[in-house]
Amino acid sequence: MRIKARSTPNIALIKYWGNRNNELRLPRADSLSITLDAPTIEVEIESAEDFSVQSFDASGIEKPQSEKSIARLRAHYELTKTYLTSLRVADTLPAYLHLVIRSRIPQAIGIASSAAVFSCLAEAYAGFLSLPLTREQISVLARLGSGSAARSVLGGFVALENIAGDDIGSARARQIAPEHHWILHDIILVPSQKEKKVGSTEGHAMAATSPFFEERLRQIPRRMNECIDAITRKDFEKLQRVSEEDTLDMHRCMRTQNPPLDYLSDETHRIIRGIEAFRGKEKLEVLYTMDAGPTVHLFCTDAARKTVEEYAETQKNCMIFKAKGGGGSRLIPACR
Ligand code: DP6
(Lines give C-alpha, C1' and ligand atoms only; values in the text may rest on other atoms or scores of the structure.)
Protein backbone atom coordinates (compact mmCIF):
# COMPACT_ATOMS: atom_id res chain seq x y z
CA MET A 1 0.00 0.00 0.00
CA ARG A 2 1.22 3.47 -0.89
CA ILE A 3 -0.09 6.55 0.94
CA LYS A 4 0.33 10.16 -0.12
CA ALA A 5 -0.34 13.31 1.93
CA ARG A 6 0.10 17.06 1.63
CA SER A 7 0.68 19.78 4.21
CA THR A 8 1.84 23.34 4.74
CA PRO A 9 3.71 25.38 7.38
CA ASN A 10 2.03 27.46 10.09
CA ILE A 11 3.15 30.71 11.71
CA ALA A 12 2.64 31.27 15.42
CA LEU A 13 1.05 34.38 16.93
CA ILE A 14 1.64 33.08 20.46
CA LYS A 15 4.95 31.27 20.22
CA TYR A 16 5.93 27.80 21.38
CA TRP A 17 9.31 28.03 23.11
CA GLY A 18 10.63 25.53 25.66
CA ASN A 19 9.58 21.98 26.52
CA ARG A 20 8.58 20.11 29.67
CA ASN A 21 9.79 16.95 27.92
CA ASN A 22 12.30 17.39 25.09
CA GLU A 23 12.14 13.84 23.74
CA LEU A 24 8.34 13.84 23.47
CA ARG A 25 8.25 17.56 22.53
CA LEU A 26 5.73 18.32 25.24
CA PRO A 27 5.69 22.13 25.44
CA ARG A 28 5.94 24.08 28.69
CA ALA A 29 3.15 26.41 27.52
CA ASP A 30 0.33 26.60 24.99
CA SER A 31 0.80 28.30 21.61
CA LEU A 32 -1.41 29.50 18.76
CA SER A 33 -0.82 29.87 15.03
CA ILE A 34 -2.31 30.38 11.60
CA THR A 35 -1.93 27.48 9.20
CA LEU A 36 -0.80 28.78 5.80
CA ASP A 37 -2.17 27.69 2.40
CA ALA A 38 1.31 27.62 0.81
CA PRO A 39 4.01 26.52 0.15
CA THR A 40 3.26 22.79 0.23
CA ILE A 41 5.08 19.60 1.15
CA GLU A 42 4.03 16.21 -0.15
CA VAL A 43 5.08 12.85 1.19
CA GLU A 44 4.58 9.36 -0.13
CA ILE A 45 5.15 6.33 2.06
CA GLU A 46 5.23 2.60 1.45
CA SER A 47 6.47 -0.40 3.38
CA ALA A 48 10.09 -1.39 2.72
CA GLU A 49 12.90 -3.70 3.82
CA ASP A 50 14.64 -0.90 5.69
CA PHE A 51 13.89 2.67 6.77
CA SER A 52 14.91 4.89 3.83
CA VAL A 53 14.27 8.47 2.72
CA GLN A 54 14.38 10.25 -0.62
CA SER A 55 13.75 13.98 -0.83
CA PHE A 56 13.32 16.48 -3.63
CA ASP A 57 13.53 20.27 -3.47
CA ALA A 58 11.22 22.92 -4.93
CA SER A 59 12.76 22.53 -8.40
CA GLY A 60 12.36 18.73 -8.33
CA ILE A 61 16.06 18.07 -7.81
CA GLU A 62 16.91 15.22 -5.47
CA LYS A 63 18.46 16.58 -2.26
CA PRO A 64 19.68 13.82 0.04
CA GLN A 65 18.80 14.41 3.70
CA SER A 66 21.61 14.75 6.23
CA GLU A 67 22.24 11.84 8.58
CA LYS A 68 20.88 13.98 11.41
CA SER A 69 17.60 14.56 9.53
CA ILE A 70 17.24 10.86 8.69
CA ALA A 71 17.85 9.99 12.37
CA ARG A 72 15.11 12.47 13.35
CA LEU A 73 12.65 10.98 10.82
CA ARG A 74 13.47 7.48 12.06
CA ALA A 75 13.08 8.50 15.73
CA HIS A 76 9.73 10.07 14.85
CA TYR A 77 8.56 6.83 13.24
CA GLU A 78 9.56 4.86 16.34
CA LEU A 79 7.73 7.33 18.61
CA THR A 80 4.73 7.11 16.29
CA LYS A 81 4.63 3.35 16.85
CA THR A 82 4.96 3.85 20.61
CA TYR A 83 2.01 6.26 20.62
CA LEU A 84 -0.07 3.95 18.42
CA THR A 85 0.71 1.06 20.77
CA SER A 86 -0.75 3.13 23.60
CA LEU A 87 -3.86 3.52 21.39
CA ARG A 88 -3.70 -0.23 20.58
CA VAL A 89 -3.35 0.19 16.80
CA ALA A 90 0.43 -0.28 16.26
CA ASP A 91 0.23 -3.63 14.50
CA THR A 92 -1.15 -2.01 11.37
CA LEU A 93 2.06 -0.04 10.65
CA PRO A 94 4.91 -1.80 8.85
CA ALA A 95 8.26 -2.29 10.59
CA TYR A 96 10.07 -0.14 8.00
CA LEU A 97 9.06 2.45 5.46
CA HIS A 98 10.39 4.16 2.38
CA LEU A 99 9.58 7.90 2.51
CA VAL A 100 9.57 10.25 -0.45
CA ILE A 101 9.43 13.92 0.57
CA ARG A 102 8.73 16.58 -2.05
CA SER A 103 9.10 20.12 -0.77
CA ARG A 104 7.79 23.18 -2.58
CA ILE A 105 9.19 25.37 0.19
CA PRO A 106 11.92 27.44 -1.44
CA GLN A 107 15.24 27.04 0.36
CA ALA A 108 15.50 30.78 0.97
CA ILE A 109 12.02 31.40 2.36
CA GLY A 110 13.08 31.33 5.99
CA ILE A 111 10.11 29.19 7.00
CA ALA A 112 11.09 26.03 8.84
CA SER A 113 9.85 23.11 6.78
CA SER A 114 9.70 20.79 9.80
CA ALA A 115 6.11 21.74 10.71
CA ALA A 116 4.94 20.90 7.19
CA VAL A 117 7.04 17.72 6.93
CA PHE A 118 6.01 16.16 10.24
CA SER A 119 2.33 17.07 9.94
CA CYS A 120 2.39 15.54 6.47
CA LEU A 121 4.07 12.37 7.74
CA ALA A 122 1.59 12.15 10.62
CA GLU A 123 -1.25 12.37 8.10
CA ALA A 124 0.32 9.66 5.95
CA TYR A 125 1.02 7.33 8.91
CA ALA A 126 -2.58 7.73 10.06
CA GLY A 127 -3.68 6.96 6.50
CA PHE A 128 -1.96 3.57 6.74
CA LEU A 129 -4.12 2.45 9.63
CA SER A 130 -7.29 0.41 9.34
CA LEU A 131 -8.97 2.43 12.11
CA PRO A 132 -9.28 6.18 11.57
CA LEU A 133 -7.54 8.45 14.12
CA THR A 134 -9.10 11.71 15.29
CA ARG A 135 -7.55 15.00 14.13
CA GLU A 136 -6.29 15.49 17.71
CA GLN A 137 -4.56 12.09 17.66
CA ILE A 138 -2.95 12.94 14.30
CA SER A 139 -1.75 16.23 15.79
CA VAL A 140 -0.05 14.25 18.57
CA LEU A 141 1.71 12.13 15.92
CA ALA A 142 2.90 15.33 14.22
CA ARG A 143 4.08 16.84 17.52
CA LEU A 144 6.35 13.86 18.14
CA GLY A 145 8.44 14.97 15.12
CA SER A 146 8.26 18.74 15.62
CA GLY A 147 6.26 20.56 18.28
CA SER A 148 4.88 23.22 15.97
CA ALA A 149 3.88 20.55 13.40
CA ALA A 150 0.92 19.59 15.60
CA ARG A 151 -0.74 22.88 14.60
CA SER A 152 -0.44 22.26 10.83
CA VAL A 153 -2.73 19.22 11.11
CA LEU A 154 -5.69 21.58 11.45
CA GLY A 155 -6.72 24.51 9.29
CA GLY A 156 -7.13 28.18 10.13
CA PHE A 157 -6.40 29.41 13.65
CA VAL A 158 -5.03 26.59 15.77
CA ALA A 159 -3.89 26.25 19.39
CA LEU A 160 -1.41 23.66 20.63
CA GLU A 161 -2.69 22.95 24.13
CA ASN A 162 -1.37 21.04 27.10
CA ILE A 163 -3.90 18.79 28.76
CA ALA A 164 -3.69 17.11 32.15
CA GLY A 165 -0.92 14.56 32.65
CA ASP A 166 2.57 13.93 31.34
CA ASP A 167 1.97 11.09 28.94
CA ILE A 168 2.80 11.12 25.24
CA GLY A 169 -0.66 12.40 24.25
CA SER A 170 -0.83 15.26 26.76
CA ALA A 171 -0.42 18.13 24.27
CA ARG A 172 -2.51 18.35 21.12
CA ALA A 173 -3.92 20.80 18.61
CA ARG A 174 -7.37 22.38 18.74
CA GLN A 175 -8.95 24.53 16.06
CA ILE A 176 -9.97 27.97 17.31
CA ALA A 177 -11.58 29.00 14.03
CA PRO A 178 -11.41 27.76 10.43
CA GLU A 179 -9.44 29.72 7.84
CA HIS A 180 -12.54 31.30 6.23
CA HIS A 181 -13.62 32.76 9.60
CA TRP A 182 -11.21 35.65 9.00
CA ILE A 183 -9.04 35.97 5.88
CA LEU A 184 -5.59 37.16 6.91
CA HIS A 185 -2.72 37.42 4.46
CA ASP A 186 0.91 36.70 5.31
CA ILE A 187 3.34 38.87 3.36
CA ILE A 188 6.67 37.24 4.10
CA LEU A 189 9.85 39.32 3.91
CA VAL A 190 13.04 37.30 3.76
CA PRO A 191 16.13 39.42 4.35
CA SER A 192 18.72 36.67 4.64
CA GLN A 193 19.39 33.43 2.85
CA LYS A 194 21.89 32.05 5.33
CA GLU A 195 21.15 28.75 7.05
CA LYS A 196 20.50 29.25 10.76
CA LYS A 197 23.29 27.96 12.99
CA VAL A 198 21.17 26.63 15.86
CA GLY A 199 17.81 25.02 15.16
CA SER A 200 14.67 25.22 17.30
CA THR A 201 15.11 21.73 18.81
CA GLU A 202 18.44 22.72 20.40
CA GLY A 203 17.03 26.15 21.33
CA HIS A 204 13.96 24.75 23.13
CA ALA A 205 16.19 22.58 25.30
CA MET A 206 18.00 25.66 26.69
CA ALA A 207 14.97 28.01 26.96
CA ALA A 208 14.75 27.68 30.76
CA THR A 209 18.23 29.21 31.15
CA SER A 210 16.82 32.65 30.24
CA PRO A 211 16.06 34.81 33.32
CA PHE A 212 12.90 35.93 31.50
CA PHE A 213 11.53 32.45 30.80
CA GLU A 214 9.49 31.93 33.98
CA GLU A 215 7.86 35.33 33.55
CA ARG A 216 7.10 34.44 29.94
CA LEU A 217 5.33 31.27 31.14
CA ARG A 218 3.25 33.33 33.59
CA GLN A 219 2.11 35.66 30.79
CA ILE A 220 1.17 33.01 28.22
CA PRO A 221 -2.29 32.03 29.59
CA ARG A 222 -3.40 35.69 29.48
CA ARG A 223 -1.96 36.12 25.98
CA MET A 224 -3.67 32.94 24.77
CA ASN A 225 -7.02 34.20 26.07
CA GLU A 226 -6.54 37.61 24.48
CA CYS A 227 -5.47 36.08 21.20
CA ILE A 228 -8.44 33.70 21.08
CA ASP A 229 -10.78 36.55 21.95
CA ALA A 230 -9.26 38.78 19.23
CA ILE A 231 -9.67 36.02 16.64
CA THR A 232 -13.23 35.21 17.70
CA ARG A 233 -14.25 38.89 17.50
CA LYS A 234 -11.97 39.68 14.52
CA ASP A 235 -10.43 42.46 16.57
CA PHE A 236 -7.24 43.18 14.63
CA GLU A 237 -5.89 45.82 16.99
CA LYS A 238 -6.04 43.40 19.91
CA LEU A 239 -4.48 40.61 17.82
CA GLN A 240 -1.65 42.93 16.82
CA ARG A 241 -0.96 44.05 20.38
CA VAL A 242 -0.83 40.59 21.92
CA SER A 243 1.04 38.82 19.11
CA GLU A 244 3.74 41.50 18.83
CA GLU A 245 4.14 41.48 22.62
CA ASP A 246 4.64 37.73 22.44
CA THR A 247 7.07 37.61 19.51
CA LEU A 248 9.29 40.30 21.09
CA ASP A 249 9.14 38.47 24.42
CA MET A 250 10.15 35.14 22.85
CA HIS A 251 13.12 36.80 21.11
CA ARG A 252 14.16 38.41 24.40
CA CYS A 253 14.17 34.93 26.00
CA MET A 254 16.15 33.53 23.08
CA ARG A 255 18.75 36.32 23.27
CA THR A 256 19.21 35.87 27.02
CA GLN A 257 19.33 32.08 27.21
CA ASN A 258 22.62 30.21 27.47
CA PRO A 259 24.06 29.98 24.87
CA PRO A 260 22.28 33.10 23.50
CA LEU A 261 20.32 32.89 20.27
CA ASP A 262 19.93 36.11 18.35
CA TYR A 263 17.93 35.16 15.30
CA LEU A 264 16.96 38.70 14.27
CA SER A 265 19.15 40.76 11.94
CA ASP A 266 19.54 44.51 11.31
CA GLU A 267 17.16 44.08 8.37
CA THR A 268 14.54 42.52 10.65
CA HIS A 269 14.70 45.53 13.00
CA ARG A 270 14.61 47.95 10.07
CA ILE A 271 11.46 46.29 8.63
CA ILE A 272 9.74 46.35 12.04
CA ARG A 273 10.61 50.02 12.59
CA GLY A 274 9.26 50.82 9.12
CA ILE A 275 5.95 49.10 9.92
CA GLU A 276 5.68 50.91 13.25
CA ALA A 277 6.37 54.26 11.56
CA PHE A 278 3.77 53.47 8.91
CA ARG A 279 1.16 52.63 11.56
CA GLY A 280 2.05 55.84 13.39
CA LYS A 281 0.98 57.83 10.32
CA GLU A 282 -2.14 55.96 9.27
CA LYS A 283 -4.38 53.17 10.53
CA LEU A 284 -3.12 50.01 8.90
CA GLU A 285 -4.25 46.53 9.93
CA VAL A 286 -0.87 44.81 9.84
CA LEU A 287 1.14 42.96 12.51
CA TYR A 288 4.67 41.57 12.47
CA THR A 289 5.90 38.28 13.86
CA MET A 290 9.21 36.40 13.61
CA ASP A 291 10.15 32.77 14.29
CA ALA A 292 13.66 31.36 14.71
CA GLY A 293 15.20 33.47 11.94
CA PRO A 294 15.34 37.03 10.55
CA THR A 295 12.28 36.54 8.28
CA VAL A 296 9.41 38.92 9.06
CA HIS A 297 5.82 37.78 8.62
CA LEU A 298 3.46 40.68 8.02
CA PHE A 299 -0.08 39.47 8.69
CA CYS A 300 -2.71 41.84 7.40
CA THR A 301 -6.40 42.07 6.60
CA ASP A 302 -7.85 42.22 3.10
CA ALA A 303 -8.25 45.98 3.50
CA ALA A 304 -4.56 46.52 4.31
CA ARG A 305 -3.12 43.99 1.89
CA LYS A 306 -2.38 46.30 -1.05
CA THR A 307 -0.55 48.87 1.11
CA VAL A 308 1.43 46.15 2.92
CA GLU A 309 2.47 44.60 -0.39
CA GLU A 310 3.59 48.00 -1.63
CA TYR A 311 5.57 48.50 1.59
CA ALA A 312 7.18 45.07 1.11
CA GLU A 313 8.22 45.96 -2.46
CA THR A 314 10.14 48.97 -1.17
CA GLN A 315 12.35 46.84 1.10
CA LYS A 316 15.80 46.41 -0.43
CA ASN A 317 17.59 43.04 -0.53
CA CYS A 318 14.50 41.14 0.57
CA MET A 319 12.70 38.27 -1.10
CA ILE A 320 8.92 38.38 -0.83
CA PHE A 321 6.53 35.42 -0.55
CA LYS A 322 2.78 35.56 -0.10
CA ALA A 323 0.35 33.20 1.60
CA LYS A 324 -2.91 33.25 3.52
CA GLY A 325 -4.79 31.03 5.95
CA GLY A 326 -5.03 27.41 4.79
CA GLY A 327 -6.80 24.15 5.57
CA GLY A 328 -4.03 22.01 7.15
CA SER A 329 -2.70 18.54 6.30
CA ARG A 330 -4.66 16.15 4.08
CA LEU A 331 -4.39 12.70 2.57
CA ILE A 332 -4.26 12.68 -1.22
CA PRO A 333 -6.91 10.01 -1.89
CA ALA A 334 -6.08 9.21 -5.54
CA CYS A 335 -3.01 7.29 -4.38
CA ARG A 336 -4.72 5.02 -1.90
C1 DP6 B 1 10.13 29.75 17.13
O2 DP6 B 1 8.44 23.20 16.22
O3 DP6 B 1 10.54 24.11 15.16
O4 DP6 B 1 8.93 28.66 15.42
O5 DP6 B 1 9.79 20.78 18.11
O6 DP6 B 1 12.21 21.24 17.90
O7 DP6 B 1 10.83 21.03 15.83
P8 DP6 B 1 10.88 21.42 17.29
O9 DP6 B 1 10.64 22.95 17.34
P10 DP6 B 1 9.76 23.81 16.39
O11 DP6 B 1 9.67 25.14 17.27
C12 DP6 B 1 9.05 26.25 16.74
C13 DP6 B 1 9.53 27.44 17.41
C14 DP6 B 1 9.05 28.74 16.81
C15 DP6 B 1 7.75 29.21 17.45
C16 DP6 B 1 6.49 28.51 17.00
O17 DP6 B 1 6.38 28.06 15.85
O18 DP6 B 1 5.57 28.45 17.84
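Residues numbered from 1 in each chain as written. Predicted model: local features only at pLDDT ≥ 70, side-chain atom pairs only at ≥ 80, totals over all residues. Heavy atoms only, no water.

Enquirer: Give me the packing of helix H6 (residues 213–233) against helix H7 (residues 236–256): which residues, what numbers.
Expert: Here H6 crosses H7 at 155°, and the two axes come no closer than 9 Å. On the basis of the axis angle, H6 is roughly antiparallel to H7. In terms of crossing hand, the pair formed by H6 and H7 is left-handed. Together, Phe213, Arg216, Ile220, Arg222, Arg223, Glu226, Cys227, Asp229, Ala230 and Ile231 of H6 and Lys238, Leu239, Val242, Glu245, Asp246, Asp249, Met250 and Cys253 of H7 make up the contact between the two elements. In terms of residue class, the contact of H6 with H7 is made up of 9 nonpolar, no polar and 9 charged. (Axes fitted to C-alpha atoms, helices over the stretch in contact; angles between N-to-C directions. Helix = DSSP H or I, 4+ residues; strand = E, 2+ residues; numbered from the N terminus. Parallel < 35°, antiparallel > 145°, perpendicular 65-115°, else oblique. Left-handed = near helix turned anticlockwise from the far one by under 90°. Contact = heavy atoms within 4.5 Å. Nonpolar A, V, L, I, M, F, W, Y, C, P; charged D, E, K, R; others polar.)

Enquirer: Provide a residue-level description of the pairing of strand E12 (residues 286–289), including the pertinent values.
Expert: Both faces of the sheet carry side chains from a regular strand, because those side chains alternate between them. Every second residue of E12 is oriented toward a common face, with Val286 and Tyr288 on one face and Leu287 and Thr289 on the other, all of them buried. When E12 meets strand E13 (residues 296–301), the two strands line up antiparallel, connected through 4 bridges. Counterpart to Thr289 in the pairing with E13 is His297. Between the end of E12 and the start of E13, which pair antiparallel, lie 6 residues. (Buried < 20%, exposed > 50% of the residue type's maximum accessible area, 1.4 Å probe, protein only. Pairing = 2+ DSSP bridges.)

Enquirer: Describe in detail the sheet that holds E12, supporting the description with residues and values.
Expert: The strand order across the open sheet formed by 4 strands is E12-E13-E11-E14, and the pairing between neighbours is antiparallel. Each edge of the open sheet carries a strand with a single partner, namely E12 and strand E14 (319–324). With direction set aside, neighbouring strand axes in the sheet form an average angle of 20°. Here helix H8 (residues 266–281) sits on the sheet in contact with strand E11 (184–190), E12 and E13, set at roughly 160° to E12. This element, helix H9 (residues 302–313), spans E11, E12, E13 and E14 of the sheet and lies at about 150° to E13.

That's the geometry; what it means functionally is another story.
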